[in-house]
Structures are given as C-alpha cells and as structure tokens.
Amino acid sequence: MIKKIVCFTLLCTCCIPIFSQTDFVSQIISRLDQIKHYKGEALFRVTLPMTDEEVEYRLNLKYQKNPVDTLYGYSYLIDLTSDTNPSINGNFIYYDSGNYYNFSNQRLREYHAEENPAPFFNKTNKQNELPSIQRSGLFTEELPMEIASRLKKYINNPENDIHLYPDTLIDNRKCDALYIDEYMNGEIIRSAFYVFDSKSGIPIFKEVENNPGHLGSQTVTVKYISSDIKSPFSKDFFSEENLMEQKGNIISPFRNNYFKAKNLTGKIAPSFSLPLLNSEERFDPAEYKNQFLILAFVDTTGSFCKNALECAGQLSHNKNLTWATLLSEKASDELIQYQQQNRLPGIVVCNAQNIAARYGIANYPTLFVISPDGKIISVQIGYDPDLSRNLQQILETGNE
C-alpha cells in the first residue's frame, strides 16, 4: 500500500493546508450524502493475512434514500458474484423499511423490525459500538453512504492523521483523494486510501489495510467500475413484493424451514446422536430427560450467535438445566481452537448440519428449550437483548 501512495502523491498538484482538512473532508461527505439513488459495480478484492492469497468479488450495488425510514434512511440491494469463489454467486444483501435479508453460505438471515426491533439498533460491547444488522454486512461498507459515515468517524477522532490530495489527475480524470491513518489509544489500527471523482463526488477507488505492520494484517481494495447517480429506481423496486419476485426461489424454501422450526413447539424433540467436538463421546438429547435442555444452534461466523451464547453463563445457576451448543462444521483443529478462543458454553457438539435441517434451522442463532419430558416448549429464533430474561421466564413457567 505504501508504494501505491508514494506513486500516487507524485501525481498530486497540491496538498491542502492542515487548517482546512476538516472542511475539505466535510465537503466530500456532503457530496456523498447528497446522492439520492445509486447504481454501480465494483471489484472487491481481499488479500488474506499470512498467505497473501487474494479473493475477488464483483459487487452489484443499488441504493436510494428513504427519508420515511427512521431506522436507517436508505434502502439497498447488493448482489455478489465471484470467479475465484463461484459458490457465492447468487448471494445477496437487502434492506428496506425495517426488513433485512442476507443470503450467504447457503444460509438466509431474515430480520423484521415489526417482529423484533432490537437488531436494528446499534449496541455497545466493551466500549466498542456494534453496528445494527442493516449496516453490519461486510459489503455494505462499499456503498457511498457508508463511506460518508466512515469519513465522519475519521474526522471526529483527533488522533487520526489525515493527508489530503485535491485536484489530482488519474488517467486524465480530475480526482480528490484522502490518505488516513486511524489510531486507537495511540496505536495505528487501520490505514485507508480513498479516491473520489472531483466533479460528481462518487468513489472511484478505496484501499483499507487493517492492522498494518502486523502478521495478521488484511488489505481490502475496491475498484468502482461503473457508477450511475442520475437514473432513479422504479417506485416499487425496493419492496418485499419485488424482492420475493426476484429472489423468491431462494427465500421461499428458507421461509418454509423457518416455520418448520416454529411448528416444533409442543412436539417431542427429534432424536439424534452427534459427536462431541473435543472427545470421542457422543451427545444424545434422550439421555437428559428429567431436566431442562437448551439446544443452541449457532453459526461460527455470526456476531449475534456469540451474544446468544452469553446467555448460558447467565443461566448457569439453574442446576436443572443442561446447555448444548451445536456447530454445523465437522471436528477439526481449527474448530477446537475456535471453541477455546470463544469459550463456547455447555456441551459442544459438532457435525450438526443434517440435524439443523431436520429441526428446520433457517436462521442463526436458533435455540430450542426442551422440557424434562422431552417436549419442545419454546423456539427462539435470532438474537434479542432480552433473550436471557425470556429463557429464564420460559424455564420458570415450565417448572410450574
């Protein structure tokens, strides 16, 4: 990245004095915020840490302002394809008016603010702010509106070092550029390089290096191939009806499974036997009769799953309860390391993919509360900040 910056600065016609840095960045932010609708394509390339292996994705980006949406203010659709990783072709991320869909790794996450508004609000965890679900996807950060949001955070941190390069010619195109070193507690945590078209204000190029100078550093580059801010969308483009028409072949089967999980309430829990992650023993729910059992199906890549697993510690005082954490992956050294690093609670079970399908798992996390007589008395789908309290009430009611 440093070589790119050195070569780039040779093209610069001038550098803005320090006293006008905030004004200059604020102008860039203002122009990004003024974009009412956007259609574009971008090449997103990740250089993986340690191996220097590159993975490239093509992003088809669409968004428009939605002033009546008080949760976010925008609607968006991101479609993903990849020549280097064809398995992601068809993946998408969508948000509109409190409805969020994320299809990746053959799994669909679906959230609706009317059913549960909690995921749609930012949270604070150990002094770090966790983004709401509609801003948490990896690729949403490439939308111009999210670039504006990131730049606001940069200029509001007096620790950050910002270099400005206005009126720069790149391939005979007049551009404005920023190079930013982001600091936290005196240490650099991220270096970012942005290039914007001087006339329209739309992004042209972006490069971010996380943990620069460390062995675990990761570099992300985004090259914007095309951008259109003049052509508006049809009135119903961002609507669940249109989404179901366009993506119904993906969404409908998962929705059927979603209701399958809910419909297990009141029924005897399907039987199974699965290996424990760190031993040769096996887990069989039938062996835990005469006590409550919680089956927590989680995704190792989901931040909300980690929050759900924290509930186990808050319920640990209940001696009449056994907690089982079920992972889809097969046993491996990497999975054992994941278990140790994240201190997964209770009995940790692996290779649960087929059982998850039998239980109708369509979203992670999904928790089943099983009574001492083997019946499923509650199904909790998705994470809710009140999950621990809800589980406690379910257990108390089940004891009556």
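Here the structure is a predicted model, which means the values were calculated and not measured.

Conventions and cut-offs
- Residues numbered from 1 in each chain as written.
- Predicted model: local features only at pLDDT ≥ 70, side-chain atom pairs only at ≥ 80, totals over all residues.
- Heavy atoms only, no water.
- Core = buried A, V, L, I, M, F, W, Y, C linked by side-chain atoms within 4.5 Å.
- Buried < 20%, exposed > 50% of the residue type's maximum accessible area, 1.4 Å probe, protein only.
- Helix = DSSP H or I, 4+ residues; strand = E, 2+ residues; numbered from the N terminus.
- Contact = heavy atoms within 4.5 Å.
- Pairing = 2+ DSSP bridges.
- Axes fitted to C-alpha atoms, helices over the stretch in contact; angles between N-to-C directions.
- Disulfide = S-S within 2.5 Å.
- Phe/Tyr/Trp six-rings, centres within 6.5 Å; stacked < 30°, edge-to-face > 60°.
- Lys NZ or Arg CZ within 6 Å of the ring centre and 35° of its normal.
- Parallel < 35°, antiparallel > 145°, perpendicular 65-115°, else oblique.
- Left-handed = near helix turned anticlockwise from the far one by under 90°.
- Nonpolar A, V, L, I, M, F, W, Y, C, P; charged D, E, K, R; others polar.
- Salt bridge = Lys/Arg side-chain N within 4 Å of Asp/Glu carboxyl O.
- Arc of directions from axis to C-beta.
- pLDDT = per-residue confidence, 0-100.

A closer look at the nonpolar core
Here comes step 1: Judged by nonpolar contacts, the single largest core of 98 residues is most densely connected at Tyr-76, Leu-151, Leu-295, Phe-297, Trp-323, Tyr-359 and Phe-368.
Here comes step 2: In terms of residues, this core owes the most to one element, strand β16 (residues 292–298), which gives 7 residues.
Here comes step 3: Here Leu-295 is in contact with Phe-272, Phe-283, Ala-324, Leu-326, Tyr-359, Thr-366, Leu-367, Phe-368 and Ile-370, once residues within four sequence places are set aside.
Here comes step 4: Listed in part, the 13 residues of the second largest apolar core include Phe-103, Phe-233, Ile-250 and Ile-251.

Quick word on the sheet that holds strand β10 (residues 173–184)
Here comes step 1: If you trace the 11 strands from one edge of the open sheet to the other, you get β6-β5-β4-β3-β2-β1-β13-β12-β11-β10-β9, paired in antiparallel fashion. Each of the sheet's edge strands pairs with one partner strand only, and the pair in question is β6 (107–112) and β9 (161–170). Each neighbouring strand pair of the sheet contributes to a mean axis angle of 15 degrees, computed without reference to strand direction.
Here comes step 2: Inspection of the sheet shows strand β4 (residues 92–96) paired to strand β5 (residues 99–104) by 5 bridges, in the antiparallel sense.

Structural notes on the side chain of Gln-339
Here comes step 1: By the element assignment, Gln-339 lies in helix α6 (residues 333–342).
Here comes step 2: When sequence neighbours within four positions are dropped, the list of residues in contact with Gln-339 reads Leu-277, Asn-278, Leu-344 and Val-348.

Things to note about the sheet that holds strand β20 (residues 376–381)
Here comes step 1: Ordered in space as β18-β17-β16-β19-β20, the 5 strands form an open sheet in which the pairing is mixed. Pairing within the sheet leaves two strands with one partner each, and these edge strands are β18 (347–349) and β20. Each strand of the sheet is rotated relative to its neighbour by a mean of 20 degrees, with strand direction disregarded.
Here comes step 2: In the sheet, β16 pairs with strand β17 (residues 321–327) via 7 bridges, with the strands oriented parallel. Directly across from Ala-296, in β17, lies its bridge partner Thr-325.
Here comes step 3: Across the sheet, helix α4 (residues 240–262) touches β19 (366–370) and β20, and the angle it forms with β20 is around 145 degrees.

A closer look at the state of the cysteines
Here comes step 1: Applying the stated rule across the entire model yields 0 disulfides.
Here comes step 2: Free of any disulfide, Cys-305 has its nearest neighbouring cysteine sulfur in Cys-311, separated by 11 Å.

Some words on the packing of aromatic side chains
Here comes step 1: Taken as a whole and assessed by the stated rule, the structure comprises 26 aromatic pairs.
Here comes step 2: Pairing Tyr-72 with Tyr-76 gives two aromatic rings, centres 6.1 Å apart and planes at 75 degrees, and the pair type is edge-to-face. With respect to class, Tyr-72 is no different from Tyr-76; both count as buried.
Here comes step 3: Here a set of aromatic residues connected by ring pairs shows up, and it is made of Tyr-38, Tyr-63, Tyr-72, Tyr-74, Tyr-76, Tyr-95 and Phe-120.
Here comes step 4: The ring of Phe-233 carries Lys-39 above its face, with NZ or CZ at 4.8 Å from the centroid.

Considerations on the packing of helix α2 (residues 21–33) against helix α3 (residues 144–155)
Here comes step 1: Taken N-terminus to C-terminus, the directions of α2 and α3 make an angle of 160 degrees; their axes are 9 Å apart at the nearest point. Relative to α3, the element α2 is oriented roughly antiparallel. When the axes of α2 and α3 are compared, the crossing they make is left-handed. Every residue of α3 that contacts α2 at Thr-22, Val-25, Ser-26, Ile-28, Ile-29, Leu-32 and Asp-33 is listed here: Pro-144, Ile-147, Ala-148, Leu-151, Lys-152 and Ile-155.
Here comes step 2: Here the residues of the contact of α2 with α3 are counted per class, giving 9 nonpolar, 2 polar and 2 charged.

Remarks on the pairing of β9
Here comes step 1: Note: β9 against β10, 8 bridges, orientation antiparallel. Among the inter-strand pairings, Thr-168 is bridged to a residue of β10, identified as Cys-175.
Here comes step 2: A loop of 2 residues connects β9 with β10, the two strands running antiparallel in sequence, and Asp-171 in this loop sits at a positive phi of about 55 degrees.

Considering the pattern of salt bridges
Here comes step 1: For the structure shown, the criterion picks out 14 salt bridges.
Here comes step 2: Where Arg-255 meets Glu-110, a salt bridge forms, and the shortest distance between an N and an O atom there is 3.0 Å. Here Arg-255, found in helix α4, pairs with Glu-110, found in strand β6; they are 145 residues apart in sequence, far enough to count as distant.
Here comes step 3: Its salt-bridge partner being Asp-197, residue Arg-173 comes within 2.8 Å of it at the nearest N-O pair. With Arg-173 in strand β10 and Asp-197 in strand β11 (residues 187–197), the pair connects residues that are 24 residues apart, well separated along the chain.

Things to note about α6
Given 3.6 residues per helical turn, the α-helix brings residues three or four places apart onto the same face.
Here comes step 1: Buried residues of α6: Leu-335, Tyr-338 and Gln-339, and no others. Down the axis of α6, the sector holding all buried residues measures 100 degrees, keeping them to one side. Opposite the buried face of α6, at more than 90 degrees from it, the exposed residues are Asp-333, Glu-334, Gln-340 and Gln-341.
Here comes step 2: Arg-343, located one to two residues past α6, shows a positive phi value of around 50 degrees.

Some details on the environment of Lys-247
Here comes step 1: Tracing the chain through its elements places Lys-247 in helix α4.
Here comes step 2: Separated by 144 residues in sequence, Lys-247 and Phe-103 place their C-alpha atoms 10.0 Å apart.

What about the confidence of the model for the chain?
Here comes step 1: Looking at the chain as a whole, its pLDDT mean stands at 87, while 92% of the residues score no less than 70.
Here comes step 2: Residue range residues 1–19 is modelled with pLDDT below 50. Its contacts to residues more than four positions away, or to other chains, number 30 contacts.

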